[in-house]
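Report on the structure
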Amino acid sequence: MEILNSKIFGENLSKTPLLVFHGLFGMLDNWGSFGKDMGEFLPVHLIDLRNHGRSFHSENMSHDDLAEDILRYMEYYGIAKAHILGHSLGGKAVMQFAIKFPEKVESLIVVDISPKAYPPHHQGIIKALETVDFNTVSSRNDVEAVLSQYIPEKSTIQFLTKNLYWDDHKKLNWRFNLKTLSEKYNEFVSNAIKFGVFDGPALFIAGAKSNYILPQDHFAIRQQFPKADFVTIKNAGHWVQAENPVDFANVVKDFLHIN
């Protein structure tokens, strides 16, 4: 039985823990500052999704698979109930989990994603990643040069290259499982989460400069999460926690009553 890789802050605190899940092509390190900050108040588990970071690789990647991973993780660490936070793909995972295992969820925080199906929109990034030939590149700069031919935003390139590491053959490689993420992309991006209702406290956080959660999505979200509150973070796009970390952390603290 494979358990997701994680980094834990504040594990000696006796409060209900907060589990944090990153987005597509991300990893727990993206949430390091947030985890450290929140770990002063309650136990925080920053977790790598399957096929990402240092977690296990698998050919399966459905929302149900991700929800089952969360359940196994909680059972392994003896966590009866947790606050669950997910960004983007991680948000889809935690929504599916909350609907499937509501008794395990104290509260739900979803960052810049809704339960709906999204049209495929990462093809350019996937093509860029697949173009990198690890037999010919020998440095991070080489990889950035290849990616920059396809991806104009420097911040996106920096985000992706955080996933580079030297493998056992002394070659650069991606930590994420690009093969499965590319093959199963439609299964987890272009699919809505399964219908069901989570009746507990829920907070949906959107970036003001992002179009992932639109005002017209609120009605559909409340069909599945009737207690949903909505907050928009100013001066932030899709990577809300990175683009406006102070306001983001304050909103989460308010919701969890730890300010």
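Residues numbered from 1 in each chain as written. Predicted model: local features only at pLDDT ≥ 70, side-chain atom pairs only at ≥ 80, totals over all residues. Heavy atoms only, no water.

Description of the environment of Leu164
In plain terms, the rule: Per the convention used, a helix needs a DSSP run of H or I reaching at least four residues, while a strand needs a run of E reaching at least two, with both numbered from the N terminus. Accessible area is worked out with a 1.4 Å probe on protein chains only. A residue is then buried under 20% of its type maximum, exposed over 50%, and partly exposed in between. Note on contacts: a residue pair is in contact if any heavy atoms of the two residues lie within 4.5 Å.
Mapped onto the secondary structure, Leu164 falls in strand S6 (residues 164–166). Judged by its relative accessible area of 6%, Leu164 falls in the buried class. Distance in space between the C-alpha atoms of Leu164 and Arg50 is 17 Å, their sequence separation being 114 residues. Setting aside its immediate chain neighbours within four residues, Leu164 contacts Phe134, Arg140, Val143, Leu172, Asn173 and Trp174.

Quick look at the nonpolar core
Spelled out, the test is: Within this scheme, the nonpolar core is defined by two criteria: the residues are buried Ala, Val, Leu, Ile, Met, Phe, Trp, Tyr or Cys, and they are joined through side-chain atoms within 4.5 Å.
If you look at the biggest cluster of nonpolar residues, it comprises 64 residues, and the most contacted ones within it are Leu19, Phe25, Ile84, Leu108, Trp174 and Phe225. The element that contributes the greatest number of residues to this core is helix H3 (residues 89–100), accounting for seven residues. Among residues more than four places away in sequence, those in contact with Trp174 are Leu129, Val132, Phe134, Val143, Leu147, Leu160, Thr161, Asn163, Leu164 and Tyr165. Grouped together as the second largest cluster of nonpolar side chains are 25 residues, Phe34, Met38, Ile233 and Ala249 included.

Re the environment of Phe225
Mapped onto the elements, Phe225 comes out in the loop between helix H9 (218–224) and strand S9 (228–233). Exposure remark for Phe225: the relative accessible area of 0% places this residue in the buried category. Setting aside anything within four residues of it in sequence, one finds Phe225 in contact with Met95, Ile99, Leu108, Pro115, Ile193, Phe198, Ala202 and Phe204.

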